[in-house]
Amino acid sequence: MFARNEGGLDRALRVIVGLALIAGFFVFPEAPYRWAFLLGLVPLVTGLVGTCPLYSLLRINTCPTKRP
């Protein structure tokens, strides 16, 4: 559906950050802005899928170039 625009390191960092934020949701149940940890879903999903809509809008591509 969308062209991949995230490189391997970018994707790995997004998944790690996303999982860390989601873990914070469960680790800190009394946090006043606990719902903000759910924003970790965004980097998690974009990291797993390999495409970022914001990167598409800004025409950023961190994928390595393919050489013939």
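Residues numbered from 1 in each chain as written. Predicted model: local features only at pLDDT ≥ 70, side-chain atom pairs only at ≥ 80, totals over all residues. Heavy atoms only, no water.

1. Description of the packing of aromatic side chains
Spelled out, the test is: For this analysis, a ring pair means two rings from Phe, Tyr or Trp (six-membered ring only for Trp) whose centres lie within 6.5 Å, classed as stacked if their planes differ by under 30 degrees, edge-to-face if by over 60, and tilted for the remaining angles. Only protein chains enter the accessibility calculation, which uses a 1.4 Å probe; a residue whose area is less than 20% of its type maximum is buried, one above 50% is exposed, and one in between is partly exposed. Distance and angle both matter: a charge sits over a ring if NZ of Lys or CZ of Arg is within 6 Å of the ring centre and within 35 degrees of the ring normal.
Enumeration according to the criterion identifies three aromatic pairs in this entry. When the centroid spacing of 5.1 Å and the interplanar angle of 90° are considered together, the rings of Phe 25 and Phe 26 count as edge-to-face. According to the relative accessible area criterion, Phe 26 is exposed, its value standing at 59%. Measuring from ring centre to ring centre gives 6.1 Å for Phe 28 and Phe 37, while their planes differ by 20°; the resulting arrangement is stacked. Over the aromatic face of Tyr 55 sits the side chain of Arg 14, whose NZ or CZ is 4.9 Å from the ring centroid.

2. Some words on unusual backbone geometry
Under the convention used in this document: Put simply, DSSP marks the helices as runs of H or I at least four residues long and the strands as runs of E at least two long, and each gets a number from the N terminus on.
Positioned with a positive phi, Arg 59 is a non-glycine residue whose angle comes to about 55°. Looking at the element boundaries, Arg 59 is found in the segment after α3 (53-58). Take Arg 59: its relative accessible area is 78%, and that puts it in the exposed class.

3. A few points about the side chain of Arg 14
Put simply, the rule is: The definition of a polar contact used here is a pair of N or O atoms within 3.5 Å, where within protein one atom must be able to donate a hydrogen and the other to accept one, and adjacent residues in sequence count solely through side-chain atom pairs. Contacts are assigned to residue pairs with any non-hydrogen atoms lying within 4.5 Å of each other.
If you trace the backbone, Arg 14 turns up in helix α1 (residues 8-27). Among the residues examined, Arg 14 registers a relative accessible area of 15% and is labelled buried. One polar contact links Arg 14 to Glu 6, side chain to side chain, over a distance of 3.3 Å. Beyond its immediate chain neighbours, meaning those up to four positions away, Arg 14 contacts Glu 6, Pro 43, Leu 44, Thr 46, Gly 47, Cys 52 and Tyr 55.

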